[in-house]
Amino acid sequence: MTLEENHDLAKKIIYWAGRGLQISYDIINQIDNGHRKDVESGYMPLHTFTVYVFSKEQEDYIYMVSHDDPIEALQDGVVYCEDRFKDYVY
């Protein structure tokens, strides 16, 4: 991802925050999460990145999905907001 693409992603996340939707992610250790055999066999990466979209209005998470890459996770959160709330203008 280029510096310009990173900047664009950050702008979009800030835009959605201004609309009351927080896009963030957590790093999940899959061994700690009970998947030691899957990690050791190479079926699952050691760490995954779960994206969360939190609605301040609803005071709850409205979307969460796990990804293998943190940038992909954040991009997915932005795409979710774009698909769900069609009236956005960047």
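Please refer to the structure higher up on the page.
Bear in mind that the values here come from a model prediction, so they are computed numbers and not experimental data.

Analysis parameters
Residues numbered from 1 in each chain as written. Predicted model: local features only at pLDDT ≥ 70, side-chain atom pairs only at ≥ 80, totals over all residues. Heavy atoms only, no water. Helix = DSSP H or I, 4+ residues; strand = E, 2+ residues; numbered from the N terminus. Buried < 20%, exposed > 50% of the residue type's maximum accessible area, 1.4 Å probe, protein only. Contact = heavy atoms within 4.5 Å. Areas by Shrake-Rupley, 256 points an atom, 1.4 Å probe, with all protein chains shown as cover. Phe/Tyr/Trp six-rings, centres within 6.5 Å; stacked < 30°, edge-to-face > 60°.

A.B. asks: Got a minute to help me understand the overall build of the protein chain in this structure?
C.D. replies: Helix and strand counts for the protein chain come out as 3 helices and 3 strands. C-alpha atoms of the protein chain, sized along the principal axes, occupy 45 × 35 × 15 Å. Residues classed as buried in the protein chain amount to 31% of the 90 residues present. For the protein chain, the share of sequence-separated contacts (at least 6 apart) that also reach a separation of at least 24 residues comes to 49%. When the accessible area of the protein chain is evaluated, it comes to approximately 6,100 Å², of which 50% is carbon and sulfur surface.

A.B. asks: Can you help me understand the packing of aromatic side chains in this one?
C.D. replies: Any pair of aromatic rings gets described here by the distance separating the centres and the angle formed by the planes. Tallying each qualifying case throughout the model produces 10 aromatic pairs. An angle of 75° between the planes, with centres 5.8 Å apart, marks the rings of Y25 and F49 as edge-to-face. With Y25 in strand β1 (residues 21–29) and F49 in strand β2 (residues 47–55), the pair connects residues that are 24 residues apart, well separated along the chain. Using a relative accessible area of 32% as the deciding quantity, one classes Y25 as partly exposed.

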